[in-house]
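Descriptive structure summary
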Amino acid sequence: MNVENNKEKIMDNITFKKANKDNQDDIFLWLNSPHMMEFWDNSQEHKDDVINFINGRVEPSNYFDGIFSYWVGFLESEPYCFILTAQELGKDAPEIIKQHISKTGKTYCLDFGIGSKDHIGKGLASITLEAFTDFFKAEIDSAVDTFIIDPDDNNPRAQHVYEKAGFKKVGEFQQEGRYHDFTGDKTFLMVKKV
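Predicted model, so just to flag it, every value in this text is computed and none were measured.

Attention shifts here to unusual backbone geometry. The backbone of Glu76 sits at a positive phi, close to 50°, despite the residue not being glycine. Summarising the element assignment, Glu76 is placed in the loop between β2 (69-75) and β3 (78-87).

Okay, structure coming up:
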């Protein structure tokens, strides 16, 4: 199937749900997969935060102060991708992020990955990310007008996917503190206005 020629049909068959107990095994399988481990944190602390979120965040979280919401994407009801979101308020953020926080609406940061090995290399990533930003604005928070994402400089594949999904590179920074990435490399900031 040619993905670009069937983009609208594919987007119509993609849905998103907050991570729940039914998805927990898939999420942990994905986080332990080499293609995800390269750029995602698969520490027990992160997994505990996913469980905390699934259980309704009744316990405090030490993992980034529990700021993340976790989402699973489905293609024709089959789970295949993992997304996390957090509203970006700019507190303790690198200067470049502060410069791109919305002045008229809300800004959310994203992390995104195709978890299912069966769905890698099928051209779904940019379509899925575009569908997710549309879904999030329409169904979750209509006040959002800015999404940010920060791929490593050594992940050109992700950068290309994000550009195809409407994100634009606005600069780079070295992550530290709360914004520390797990590879220690320089990071690009990419922004999508909606």
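Attention now goes to the pairing of strand β7 (residues 186-193). Among the 8 residues in β7, 6 count as buried, and that is most of the element. Note that strand β5 (residues 144-149) and β7 share 4 bridges and pair antiparallel. When the sheet's bridge partners are listed, Ile149 is paired in β7 with Met190. Inspection of the sheet shows strand β6 (residues 168-174) paired to β7 by 6 bridges, in the antiparallel sense. Residue Gln174 lies in a different strand from β7, and its bridge partner there is Lys186.

Right, let's get into the packing of helix α6 (residues 125-140) against helix α7 (residues 156-164). Relative orientation of the contacting elements α6 and α7 amounts to 50°, with a least axis distance of 8 Å. On the basis of their axis angle, the class for α6 and α7 is oblique. Judged by the sense of rotation from one axis to the other, the crossing of α6 with α7 is right-handed. Where α6 abuts α7, its residues Ala125, Ser126, Leu129 and Glu130 lie against Val161, Tyr162 and Lys164.

Quick look at the sheet that holds β3 now. Taken together, 7 strands build an open sheet; the order of strands is β1-β2-β3-β4-β5-β7-β6 and the sheet is mixed. Each having just a single partner strand, β1 (14-18) and β6 make up the two edges of the open sheet. Each strand axis lies, on average, 30° off the axis of its neighbour in the sheet, ignoring direction. Along the sheet, α6 contacts β1, β2, β3, β4 (106-114), β5 and β7; its crossing angle with β4, the most-contacted strand, is approximately 145°.

With that settled, consider the pattern of salt bridges. Counted by the stated rule, this structure contains 5 salt bridges. We note a salt bridge from Lys7 to Glu130, for which the minimum N-O separation is 2.9 Å. Remark: Glu130 occurs in helix α6 and Lys7 occurs in helix α1 (residues 7-12); sequence separation between them is 123 residues. Residue Lys106 is joined to Asp141 by a salt bridge in which the shortest nitrogen-to-oxygen separation is 3.1 Å.

Attention now moves to the nonpolar core. Residues Phe112, Tyr162 and Phe167 are the most contacted members of the largest nonpolar core, which totals 30 residues. The element that contributes the greatest number of residues to this core is α6, accounting for 7 residues. Here Phe167 is in contact with Leu110, Leu129, Thr133, Phe147, Ile148, Ile149, Tyr162, Met190, Val191 and Lys192, once residues within four sequence places are set aside. Among the nonpolar cores identified, the runner-up in size contains 27 residues, and Trp30, Tyr63, Ala86 and Cys109 belong to it.

Looking at the chain as a whole, the pLDDT averages 91, with 92% of positions reaching at least 70. The lowest-confidence element of the chain is α1, averaging 85 in pLDDT; the highest-confidence one is β2, averaging 98. With pLDDT under 50 throughout, residues 177-182 is counted as low confidence; its partners more than four residues away or in other chains account for 17 contacts.

Next up on the list: the side chain of Lys192. Mapped onto the elements of the fold, Lys192 is located in strand β7. This buried residue, Lys192, is left without a salt bridge; Asp134 holds the nearest opposite charge, at 4.9 Å. Side chain to side chain, Lys192 and Thr133 meet in a polar contact 2.9 Å long. Ignoring any residue separated from it by four or fewer positions in sequence, one finds Lys192 in contact with Glu130, Thr133, Asp145, Thr146, Phe147, Ala165, Gly166 and Phe167.

About the cut-offs
Residues numbered from 1 in each chain as written. Predicted model: local features only at pLDDT ≥ 70, side-chain atom pairs only at ≥ 80, totals over all residues. Heavy atoms only, no water. Helix = DSSP H or I, 4+ residues; strand = E, 2+ residues; numbered from the N terminus. Buried < 20%, exposed > 50% of the residue type's maximum accessible area, 1.4 Å probe, protein only. Pairing = 2+ DSSP bridges. Axes fitted to C-alpha atoms, helices over the stretch in contact; angles between N-to-C directions. Parallel < 35°, antiparallel > 145°, perpendicular 65-115°, else oblique. Left-handed = near helix turned anticlockwise from the far one by under 90°. Contact = heavy atoms within 4.5 Å. Salt bridge = Lys/Arg side-chain N within 4 Å of Asp/Glu carboxyl O. Core = buried A, V, L, I, M, F, W, Y, C linked by side-chain atoms within 4.5 Å. pLDDT = per-residue confidence, 0-100. Lys, Arg positive; Asp, Glu negative; His and termini not counted. Polar contact = N/O pair within 3.5 Å; in protein donor to acceptor, adjacent residues only side chain to side chain.

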